[in-house]
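# Architecture and fold: a report
Below, each chain spelled out in residue letters.
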Amino acid sequence: MEPYKIHFYQVAAENLSKKLSRRNFDVEICQTLAEAKEKALEMIPLNKTVAFGGSQTLVQSGIFDALYKRGQTMIDREKAKNLTERHQIMKQALTADVFLTSINGISEDGHLVNVDNVGNRVAAITYGPDKVLAFVGINKVYGDLETTIKMVRGQTSPMNAHRWDLKNTPCAKKGICGDCLQEECICNTVAVTRRSWQKGRITIYLILEEVGL
């Protein structure tokens, strides 16, 4: 990455970190996704149960393999044999000690914006697990809250629709959000977390790389 871009991201991250801290979020500024992974691993005691939400950023980080390798107890919906069991595991994830997730977008004043299909991920961010560790690239900081919601629904959701090979939503067919009511809709829940109700519960790893969708 060019030096000027590194400097720009660093200044932007430091400014955003202050705003997030005022909203009761803990912030770790990380130069790389690999650094975020290592810092998160240090935060997770071996005797704690870990669950996670769907996230390309987490997959790219390699943190799941690292947790399994060291013998962490995992609540993993990908191990489910069928859809019923998958939903049972997602409910169980709300009782985990630690929940790993990414964030779809952050506004310039520190609001977290997430869209969800079933709602399990935003439910865990909002309430349930004692600790939430959230990975987010600096490229997910979009502007004011209205702009952030528009970017998440207009850019992130269509990209995920194509990643999941959806067929019938406007974002899958046309590449743009149509505020649809389709069965396949992945924007059933749009959640804005403007403040953590408990200080120290949510840690945001703000990564100075362009990561995630």
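Residues numbered from 1 in each chain as written. Predicted model: local features only at pLDDT ≥ 70, side-chain atom pairs only at ≥ 80, totals over all residues. Heavy atoms only, no water.

### Let's talk about the overall build of the protein chain
Which entries qualify depends on this criterion: Numbering of helices and strands runs from the N terminus, with a helix taken as a DSSP run of H or I at least four residues long and a strand as a DSSP run of E at least two residues long. For this measure, only C-alpha atoms enter the radius of gyration; the expected value for a globule follows 2.2 Å times N^0.38, where N is the number of residues. For each residue, the accessible area found with a 1.4 Å probe, counting protein chains only, is set against the maximum for its type, and the residue is called buried under 20%, exposed over 50%, and partly exposed in between. The criterion used for residue contact is that any of the two residues' heavy atoms lie within 4.5 Å. Note that accessible areas follow from Shrake-Rupley with a 1.4 Å probe, and for residues the cover is restricted to the protein chains shown.
In terms of regular secondary structure, the protein chain is built from eight helices and ten strands. Taking 2.2 N^0.38 as the reference for a compact globule, 213 residues should give roughly 17 Å; the C-alpha atoms of the protein chain span a radius of gyration of 17 Å, in line with that estimate. Along the first, second and third principal axes, the C-alpha set of the protein chain runs to 45 × 45 × 35 Å. The burial tally for the protein chain puts 46% of its 213 residues in the buried class. Across the protein chain, contacts joining residues at least 24 apart in sequence account for 74% of those joining residues at least 6 apart. Total accessible area computed for the protein chain in this model is approximately 10800 Å², and 50% of it derives from carbon and sulfur atoms.

### Section: the UniProt feature "domain: LUD" (unreviewed entry) in the protein chain
The cut-off we apply is this: UniProt positions are given in the numbering used here, feature names are shortened, and annotations may be inferred rather than shown by experiment.
The UniProt record marks residues 14-207 with the feature "domain: LUD" (unreviewed entry), using the residue numbering of this structure. As annotated, residues 14-207 comprises 38% helix and 24% strand, and the C-alpha atoms at either end are separated by 11 Å.

### Observations concerning the pairing of strand β4 (residues 98-102)
What counts, and what does not: Paired strands are those between which DSSP finds at least two bridges.
For β4, the buried fraction is high: five of the five residues fall into the buried class. Where burial is concerned, the two faces of β4 agree: the one with Val98, Leu100 and Ser102 and the one with Phe99 and Thr101 are both buried. Two elements, strand β2 (residues 49-52) and β4, share three bridges in a ladder whose sense is parallel. Bridge pairing links Phe52 to Leu100 in β4. In terms of strand pairing, β4 meets strand β7 (residues 131-137) through five bridges, oriented parallel. Of the residues in β7, the one forming a bridge with Leu100 is Leu133.

### Quick word on unusual backbone geometry
Phi is positive for Asn24, close to 75 degrees, though the residue is something other than glycine. Summarising the element assignment, Asn24 is placed in the loop between α1 (3-22) and β1 (26-30). Classification of Asn24 by relative accessible area gives buried; the value is 11%.

### Looking at the pairing of strand β10 (residues 202-207)
Among the six residues of β10, six are classified as buried, and the element is accordingly described as predominantly covered. Direction of pairing for β1 relative to β10: parallel, over a ladder of five bridges. Paired with Val27 across the bridge in β10 is Ile204. Bridge count between β7 and β10: six bridges; the pairing is parallel. Across the sheet, Gly137 pairs through a bridge with Ile207, a residue of β10.

### Description of helix α2 (residues 33-43)
Short version of the rule: This arc describes the spread of directions from the helix axis toward the C-beta atoms.
Among the residues of α2, Leu33, Ala36, Lys37, Ala40 and Leu41 are the ones counted as buried. All buried residues of α2 fall inside an arc of 135 degrees around its axis, so they share one side.

### Structural notes on α1
Where we set the bar: A helix is expected to reach a length of 1.5 Å times the quantity of its residues less one.
Taking 1.5 Å per residue as the helical rise, α1 with its 20 residues ought to reach 28 Å, and the 29 Å between its terminal C-alpha atoms agrees with that figure. For α1, the set of buried residues is Tyr9, Ala13, Leu16, Ser17 and Leu20. Projected down its long axis, α1 shows its buried positions confined to an angular sector of 120 degrees, all on one face. In α1, those exposed residues whose orientation departs by more than 90 degrees from the buried face are Pro3, Tyr4, His7, Phe8, Lys18 and Arg22. Tucked inside the fold, the buried residues of α1 contact β1, β5 (105-107), β6 (112-116), β8 (141-143) and β10. Residue Asn24 follows α1 closely and has a positive phi angle near 75 degrees.

### Brief notes about the sheet that holds β5
Where we set the bar: A fitted line through C-alpha atoms serves as each axis, taken over the contacting stretch for helices, and the angle formed by two N-to-C directions is quoted from 0 to 180°.
Here four strands make up an open sheet; going across it, the order is β8-β5-β6-β9 and the pairing mixed. The sheet terminates laterally at β8 and β9 (189-193), the two strands that pair on one side only. Taking each pair of neighbouring strands and ignoring which way they run, the sheet shows an average axis angle of 30 degrees. Its contacts with the sheet place helix α7 (residues 145-163) against β5, β6, β8 and β9, and it is angled at close to 125 degrees to β8.

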